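# Structural overview for review
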Amino acid sequence: GKPFFTYIFVFIQVAMYLFMEWKGGSTDTSTLIKYGAKFNPLILDGEWWRFFTPIVLHIGILHLLMNTLALFYLGSAVERVYGNIRFLFIYLLAGFGGTLASFIFSPTLSAGASGAIFGCFGALLYFGFIYPKLFFRTMGFNIIIVLGINLAFGFTLPGIDNAGHIGGLIGG
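Criteria and cut-off values
Residues numbered from 1 in each chain as written. Predicted model: local features only at pLDDT ≥ 70, side-chain atom pairs only at ≥ 80, totals over all residues. Heavy atoms only, no water. Helix = DSSP H or I, 4+ residues; strand = E, 2+ residues; numbered from the N terminus. Rg over C-alpha atoms; globule rule 2.2 N^0.38 Å. Buried < 20%, exposed > 50% of the residue type's maximum accessible area, 1.4 Å probe, protein only. Contact = heavy atoms within 4.5 Å. Areas by Shrake-Rupley, 256 points an atom, 1.4 Å probe, with all protein chains shown as cover. Phe/Tyr/Trp six-rings, centres within 6.5 Å; stacked < 30°, edge-to-face > 60°. Lys NZ or Arg CZ within 6 Å of the ring centre and 35° of its normal. Core = buried A, V, L, I, M, F, W, Y, C linked by side-chain atoms within 4.5 Å. Expected span 1.5 Å × (residues − 1). Axes fitted to C-alpha atoms, helices over the stretch in contact; angles between N-to-C directions. Parallel < 35°, antiparallel > 145°, perpendicular 65-115°, else oblique. Left-handed = near helix turned anticlockwise from the far one by under 90°. Nonpolar A, V, L, I, M, F, W, Y, C, P; charged D, E, K, R; others polar.

Quick look at the overall build of the protein chain now. Across its full length, the protein chain carries nine helices and zero strands. Its C-alpha atoms give the protein chain a radius of gyration of 15 Å, near enough to 16 Å, the size a compact globule of 172 residues would have. On the principal axes, the C-alpha backbone points of the protein chain span a range of 50 × 30 × 30 Å. By the burial criterion, 45% of the 172 residues in the protein chain qualify as buried. If you take every contact in the protein chain between residues at least 6 apart in sequence, the share linking residues at least 24 apart comes to 72%. Counting only carbon and sulfur atoms, one obtains 74% of the accessible surface of the protein chain, whose full area is about 9200 Å².

And the structure:
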């Protein structure tokens, strides 16, 4: 079937980016906090919904473009393999897992769909574990290489919340 929820999340990400730009800027710390970025002090004060809202927020246009492109390709693949409802569950669980890991291991403000997108990698790796011949005949090596490159960037470049990436990967 068609990747229905992938398209929904792409739409929500772009809409939230435009909304935040209109309300003060997607790179403005106070705007990010106001509209749901992961901010540990507020989560500790009981704003548990912040474990989910960062999934649709992005910090700047490049962040939005990279994550939206990744979501479009990876999300479509995962949604076609697992079906719409399972994809929705995987994406939200992985996004929660990414935000939770970021909350535990990183005190800095963060936002983005990266944890949920890494969860898509995790779901595809799980598929590869169950069906290794099919996985490696189709997308397996490409998935592993792209995942490795992304993790390497996360460990070497400043400002990347790799805790969130790894938490999302495990969540997926």
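Let us look at the packing of aromatic side chains. According to the stated counting rule, one finds 14 aromatic pairs in the structure shown. Here Phe19 and Tyr35 contribute two aromatic rings whose centre-to-centre distance is 5.0 Å and whose plane-to-plane angle is 85°, an arrangement assigned as edge-to-face. In this pair, Phe19 sits in helix H1 (residues 4-23) while Tyr35 sits in the loop between helix H2 (29-34) and helix H3 (40-44), placing the two residues 16 residues apart along the sequence. For Phe19, a relative accessible area of 28% gives the class partly exposed. Taken together, the ring pairs in this structure connect Phe51, Phe52, Phe96 and Phe103 into an aromatic cluster. Here the guanidinium or amino end of Lys23 rests over the ring plane of Trp22, the centre of that ring lying 4.5 Å away.

Within the largest apolar cluster, 31 residues are counted, with the highest numbers of intra-cluster contacts made by Leu71, Leu74, Val78, Phe87, Tyr91 and Phe121. Only H1, helix H4 (61-82), helix H5 (84-105), helix H6 (114-130) and helix H8 (140-156) provide two or more residues apiece to this core. Ranked by residue count, the leading element in this core is H6, at eight residues. Apart from the residues lying within four places of it in its own chain, the contact partners of Tyr91 are Phe9, Gln13, Ile55, Leu71, Ala113, Ala116, Ile117 and Cys120.

Here H5 spans 31 Å end to end across 22 residues, near enough to the 32 Å set by a 1.5 Å rise per residue. Of the positions making up H5, those classed as buried are Phe87, Ile90, Tyr91, Ala94, Gly95, Gly97, Gly98, Thr99, Ala101, Ser102 and Phe103. On the buried face of H5, the contacting elements are H1, H3, H4, H6 and helix H9 (162-171).

To continue, consider the environment of Thr27. By secondary structure assignment, the location of Thr27 is in the loop between H1 and H2. Residue Thr27 is classed as exposed on the basis of its relative accessible area, which comes to 56%. Distance from Thr27 to Ile59, taken between C-alpha atoms, is 5.0 Å for residues 32 residues apart in sequence.

Time to look at the side chain of Ser76. Of note, Ser76 is situated in helix H4. For Ser76, a relative accessible area of 6% gives the class buried. Residues within four places of Ser76 in sequence aside, it is in contact with Pro3, Thr6 and Leu71.

Between H4 and H5, the least distance of the axes is 7 Å, while the angle of their chain directions is 130°. It follows that H4 is oblique to H5 by the angle criterion. Handedness of the H4/H5 crossing: right-handed. Contacts between H4 and H5 involve Leu71, Gly75, Val78, Glu79 and Tyr82 on the former and, on the latter, Asn84, Arg86, Phe87, Ile90 and Tyr91. A class-by-class count of the residues in the contact of H4 with H5 yields six nonpolar, two polar and two charged.

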